[in-house]
Amino acid sequence: MGSREALFAALFAALLVSVPARAEPSKTDPFGPRQSASLSFFSFFGPGLGVEHETYVRPPWLSFVSGLGFRTTGGADFTTLTLTPSLEGRVWLGNIGPWRGKDQRMTGLLLALREDVAWTVVEDEAQKRLAGTAVELSETVSLGYRFLIWRVHITPLLGAALTTQLDPRGRLAPTTFLSGKLAVTFGIML
Amino acid sequence: MRALLLASLALGCSAPTTLANVSYDDRFGEATSLDLFLPVGDPGPRPLVVFLHGGLFQRGDKADDRAAAARLASSGFVAATVNYRLGAGAPFPAAVHDVACALAFLRRGSADYGIDPDRVAVVGYASGAYLAAMLGVAAGAPDLAPDCDAGVTGPPAAVVAGSGFYDLTTLAERKEVQAFVGGEMEALPERYAAASPLLRVGPGAPPFLLTHGEFDFVLPPEQSHRMEEALASWGNEVRLLSLFDPGHFLAAGADNGGLYGGGVRDRPESWIVLIDFLEQTLGLP
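Thresholds, definitions, all that
- Residues numbered from 1 in each chain as written.
- Chains lettered and ligands numbered in written order.
- Predicted model: local features only at pLDDT ≥ 70, side-chain atom pairs only at ≥ 80, totals over all residues.
- Helix = DSSP H or I, 4+ residues; strand = E, 2+ residues; numbered from the N terminus.
- Buried ≥ 20, exposed ≤ 12 C-beta atoms within 10 Å, placed from the backbone.
- Contact = placed C-beta atoms within 7 Å.
- Nonpolar A, V, L, I, M, F, W, Y, C, P; charged D, E, K, R; others polar.
- Pairing = 2+ DSSP bridges.
- Core = buried A, V, L, I, M, F, W, Y, C linked by C-beta atoms within 7 Å.
- Axes fitted to C-alpha atoms, helices over the stretch in contact; angles between N-to-C directions.
- Parallel < 35°, antiparallel > 145°, perpendicular 65-115°, else oblique.
- Left-handed = near helix turned anticlockwise from the far one by under 90°.
- Right-handed = clockwise from strand over helix to strand, strands pointing away.
- pLDDT = per-residue confidence, 0-100.

Asks: I'd like a description of the overall build of chain B, backed by residues and values.
Replies: The number of helices and strands found in chain B is 9 helices and 10 strands. Burial statistics for chain B: of 285 residues in total, 58% are counted as buried.

Asks: Can you tell me about the overall build of chain A, naming the residues and giving the values?
Replies: For chain A, the helix and strand inventory stands at 1 helix and 9 strands. For chain A, the succession of helices and strands along the chain, N to C, is α-β-β-β-β-β-β-β-β-β. The long-range share in chain A, meaning contacts at least 24 apart out of those at least 6 apart in sequence, stands at 56%.

Asks: Explain the interface of chain A and chain B to me, using residue names and the numbers behind them.
Replies: Listed by partner, the interface residues are 49 residues for chain A and 37 residues for chain B. Only strand E2 (48-58), strand E3 (62-71), strand E4 (74-76), strand E5 (78-92), strand E6 (108-124), strand E7 (129-149), strand E8 (152-166) and strand E9 (175-189) of chain A provide two or more residues apiece to the side of chain A that touches chain B. Counting residues per element, the side of chain A that touches chain B draws most heavily on E9(A), which supplies 7 residues. Here the side of chain A that touches chain B is composed, by residue class, of 20 nonpolar, 22 polar and 7 charged. Pairing geometry for E4(A) and strand E8 (residues 238-243) of chain B, over 3 bridges, is antiparallel. Bridged to A:Gly74 within E8(B) is B:Leu243.

Asks: Residues and numbers for the nonpolar core, please.
Replies: One broad rule of soluble globular proteins: the nonpolar side chains tend to lie buried together. All names here are of chain B. In terms of nonpolar packing, the biggest core is built from 98 residues, with Val50, Val99 and Ala132 touching the most fellow members. Among the elements that make up this core, the one with the highest residue count is helix H3 (residues 94-108) (11 residues). The residues contacting Val50, other than those within four sequence positions of it, are Ala80, Val82, Ala102, Leu103, Leu106, Val120, Val122 and Val123.

Asks: Can you lay out the sheet that holds E4(A) for me, pointing to particular residues and giving the numbers?
Replies: Within the open sheet, the 9 strands sit side by side as E4(A)-E8(B)-E7(B)-E6(B)-E5(B)-E3(B)-E4(B)-E2(B)-E1(B). Their pairing is mixed. What marks the edges here is a single partner per strand, and that holds for E4 of chain A together with strand E1 (17-23) of chain B. Ignoring strand direction, the axes of neighbouring strands in this sheet form an average angle of 20°. When strand E2 (residues 33-38) of chain B meets strand E4 (residues 78-82) of chain B, the two strands line up antiparallel, connected through 4 bridges. Bridge assignment links B:Leu36 to a residue of E4(B), and that residue is B:Ala80.

Asks: Outline the packing of H3(B) against helix H5 (residues 127-138) of chain B, supporting the account with residue identities and numerical values.
Replies: All names here are of chain B. Remark: H3 packs on H5, axes separated minimally by 10 Å, with the N-to-C direction vectors making an angle of 65°. What the angle tells us is that H3 and H5 run roughly perpendicular. H3 and H5 meet at a crossing whose hand is right-handed. Between H3 and H5, the contacting residues are Ala95, Val96, Val99, Ala100 and Leu103 on the first element and Leu131, Met134 and Leu135 on the second.

Asks: Tell me about the pairing of strand E5 (residues 115-125) of chain B, residues and numbers included.
Replies: Residue and element names in this part refer to chain B. E5 sits mainly inside the fold: 8 of its 11 residues count as buried. Bridging between E5 and strand E6 (residues 158-162) involves 5 bridges; their strand directions are parallel. Of the residues in E6, the one forming a bridge with Gly124 is Ala161. Considered for its hand, the β-α-β crossover made up of E5, H5 and E6 is right-handed.

Asks: Provide a residue-level description of the pairing of E3(A), including the pertinent values.
Replies: All names here are of chain A. For E2 and E3, the ladder comprises 9 bridges, and the chain directions are antiparallel. Paired with Leu49 across the two strands is Phe70, which belongs to E3. Turn length for the E2-E3 hairpin, with the two strands adjacent in sequence and antiparallel, is 3 residues. Sheet analysis places E3 next to E5, joined by 10 bridges and oriented antiparallel. The residue of E5 that forms the bridge with Arg71 is Thr82.

Asks: Account for the confidence of the model for chain B, with residues named and values stated.
Replies: Within chain B, residue pLDDT values average 91, and 89% of them lie at 70 or more. Scoring of the predicted complex yields 0.89 for pTM and 0.87 for ipTM.

Asks: If you had to explain the environment of B:Pro93 to someone new, which residues and values would you point to?
Replies: Residues and elements named next belong to chain B. Mapping Pro93 onto the fold places it in the loop between E4 and H3. When the 22 C-beta atoms within 10 Å are taken as the criterion, Pro93 is described as buried. Counting along the chain gives 47 residues from Pro93 to Gly140, while the straight-line C-alpha distance between them is 13 Å.

Asks: Run through unusual backbone geometry, naming residues and quoting values.
Replies: A cis geometry characterises the amide bond from B:Gly44 onward to B:Pro45, with omega recorded as 10°. Mapped onto the fold, B:Pro45 is located in the loop between E2 and strand E3 (46-52). The amide bond that connects B:Phe92 to the next residue, B:Pro93, takes the cis arrangement and shows omega of 10°. Phi is positive for A:Trp150, close to 55°, though the residue is something other than glycine. Within the fold, A:Trp150 resides in the loop between E7 and E8. The phi dihedral of B:Ser163 is positive, around 50°, even though this residue is not glycine. Note on placement: B:Ser163 falls in the loop between E6 and helix H6 (175-181).

Asks: Lay out the confidence of the model for chain A in plain terms, naming residues and giving numbers.
Replies: In this model, chain A carries an average pLDDT of 86, and 85% of its residues clear a pLDDT of 70 or more. Taking the mean pLDDT of every element in chain A, the minimum, 60, falls on helix H1 (residues 3-17) of chain A and the maximum, 96, on E7(A).

Printed below as a string of structure tokens:
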């Protein structure tokens, strides 16, 4: 097991042992655990990490997610670093309207609106100099489904992202483009 | 908020003027046409960036690079997106001839389009990267001299090649490569070697910037690693940006939480190294 995998395993184990007793669906709280901690599935395979914390702010229909991602994807003659704070609102479609079921927890079908602000810096390793920086603003609309087994959940999301790239040094004009997005998070209810 | 931010950053970045479907070789119709993106304002001369699309010589169109060309034109560069002949009816070296003709045509018309003919970069993706590399290492070579009216021209001042392939002898089992070269390698070994920019590398090549996703499932990243080694071994200036990404049609987002459509060329890292490389090799407009 490499150091990255060990880090993920340690993080996940720490999350598991930190789950308070009330994480079990409670008879006194029909909305179940109101907090969640997640890791990005795809960041597991790359040089970086994506973590999220979710709060059930308006049960049974609305939760908010705050996240932080970082990655160091560049290699060969360059090194790169990207930091990305994010905010996401999730409407739990399975808990409202005609689809409303007995389970009122943060599970089932959801609609998400997300904002990411990413800051990227690239160094030219050969010349030991800053190659440049970029800022990305992304709004994403996604449809997802949360599968919940005991306290562990996995949440695939499929959506469309509108992304604007900016060059703080002004060498490049801004650009905006639309792209499809697939995300999967896994974590535990706290 | 976003509109305000964009408006403030876009000051001085006016939308370019577009000249569509300019023919650079009348013999082949729209297959040998290009679109020009001209910045507004100062008539130049300005550096030129020529975009060559991908599609493994079977598909693709100059429109594929429209957004990138428009972005560079809005940043002050003259930009061009180029069609070239595709399919089994135009085997090697037809496409190489075409892009060499397009380069010669643009240099010959530099006064009309506000281009500095000495400050020209060629940017290609996938098979466009192959063609850009060919122009870098073999433009002006006698066996690749085109017979179009624009004549023969020398290599560009800089080459940017993303997710490309450079040694066809190692990809000879692929049907698209066989269609491009005009047969199987057993029958045409010399033609495969002649069609491989990696095997043509020598001293005096223009600066190269290579980019590739390390998990590119369409074209293996080893092609870019080997091209970098070949260029460097002859003392040429070369940089490689290797991205930990699937790369060709999918790329990890900056949020590190999702996979996005598009490729590594859309990623902010790719744009940063592109504009930095253009600044170093051509100078900013």
